[in-house]
Amino acid sequence: MNNQIDRSVDVILDELAAYAKKRVKRAKETVCLEEMREKAMSLPRGDFYFRHVLESPGMSFICEIKKASPSKGIISEDFPYRKIVKEYEAAGADCISCLTEPKWFMGSDEIFCQIRSDTYLPMLRKDFTIDEYQLYEAKCMGADAILLICALLNTSAMANFLDICEEMGICALVEAHDEKEIESAVSAGARLIGVNNRNLKDFTVDLNNAARLRDKVPPEAIFVAESGVHSSADIVFLKAIGADAVLIGESLMKASDKKSVLESFRRAAQ
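About the criteria used
- Residues numbered from 1 in each chain as written.
- Predicted model: local features only at pLDDT ≥ 70, side-chain atom pairs only at ≥ 80, totals over all residues.
- Heavy atoms only, no water.
- Core = buried A, V, L, I, M, F, W, Y, C linked by side-chain atoms within 4.5 Å.
- Buried < 20%, exposed > 50% of the residue type's maximum accessible area, 1.4 Å probe, protein only.
- Contact = heavy atoms within 4.5 Å.
- Helix = DSSP H or I, 4+ residues; strand = E, 2+ residues; numbered from the N terminus.
- Arc of directions from axis to C-beta.
- Polar contact = N/O pair within 3.5 Å; in protein donor to acceptor, adjacent residues only side chain to side chain.
- Pairing = 2+ DSSP bridges.
- Axes fitted to C-alpha atoms, helices over the stretch in contact; angles between N-to-C directions.

**Q** So what's going on with the nonpolar core? Residues and values would help.
**A** Of all hydrophobic cores here, the largest spans 96 residues; its most connected members are Phe61, Tyr88, Leu148, Ile235 and Leu238. Setting aside its immediate chain neighbours within four residues, leucine 238 contacts Met59, Leu207, Ala210, Ala225, Val229, Ala243 and Val246.

**Q** Lay out helix α8 (residues 179-188) in plain terms, naming residues and giving numbers.
**A** Of the residues making up α8, those classed as buried are Glu181, Ile182, Ser184, Ala185 and Ala188. Along the axis of α8, the buried positions cluster into a sector of 160°, meaning they face one direction only. In α8, the exposed residues that point more than 90 degrees away from the buried face are Lys180 and Ser187. Looking at the buried positions of α8, the neighbouring elements they touch are α7 (155-168), β7 (171-176), β8 (192-196) and α9 (208-213). Where α8 starts, the residue carrying a side-chain oxygen 3.3 Å from the main-chain nitrogen of lysine 180 turns out to be aspartate 178. The positive-phi residue at the C-terminal boundary of α8 is glycine 189, with phi of around 100°.

**Q** Can you tell me about the pairing of β8, naming the residues and giving the values?
**A** In terms of burial, β8 is a largely internal element, 5 of the 5 residues being buried. Neither face of β8 is open: one carries Leu192, Gly194 and Asn196, the other Ile193 and Val195, and all of them are buried. Bridge analysis of β8 against strand β9 (residues 222-226) gives 5 bridges, and the strand direction is parallel. Bridging across to β9, valine 195 finds its partner in alanine 225.

**Q** Outline the sheet that holds strand β1 (residues 60-65), supporting the account with residue identities and numerical values.
**A** Spatial ordering of the closed barrel is given by β1-β4-β5-β6-β7-β8-β9-β10, a layout of 8 strands whose pairing is parallel. Averaged over all pairs of adjacent strands, the angle between strand axes in this sheet comes to 25°, irrespective of strand direction. Two elements, strand β5 (residues 123-126) and strand β6 (residues 145-149), share 2 bridges in a ladder whose sense is parallel. Counted as the bridge partner of arginine 125 is isoleucine 146 from β6. Together, β1, β4 (95-99) and β5 form the strand contacts of helix α5 (residues 109-118), whose direction differs from that of β5 by roughly 175°.

Right, here's the structure in full:
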């Protein structure tokens, strides 16, 4: 197994954030913050396509593309990501989530951009956002949305990042894990709130986390259940608690017939 990914090592969120800071520092040495911001702001303002798709009637499916994860190691050995996105499209995916974190998830901006050129679906750049620089990067890469994790950002920083996204016309999926984090997301002005059923401190998964926290998300916000979906029964459960959308990664990435699995999930949501 790649020595960057060891299933026996408890890779905590703080390590992911620290590595993200190093990546941003290196990126700024190539293109400074002011130049990246100017480049992003010179592009046409987005139309919040990601959010509009999730506002459609019925449960929406955000389908994830990733080669590896800290908890599972390498998920897809060959990782034919351009083929995978076409399978997702054919099965009726509503949005695409693409990991760009390179060390533990083995993603990259280049993979994101190639997928962006291949698909018409709205795309979420999924990474560990700790600096406004990454928002401008995402805009320049053609992202329709970025991920903000409450455990990494205080309410003030989150509100500032949301304002920047609003200015650029892209969406932010704000991820929470408990009631306190949801309160922070709401106070910051989040309009897309995801509850991650995976604890990012120890990577245990509890699908009931979404159920416990559903009522804490205001009705005007879009509620996204993230992680832990492995069966049609899980979809039925999440629909019953009022999830507007689900983000599914591992179960789809591991499936030999991704189109068939996603189609079965979509039938369960009807």
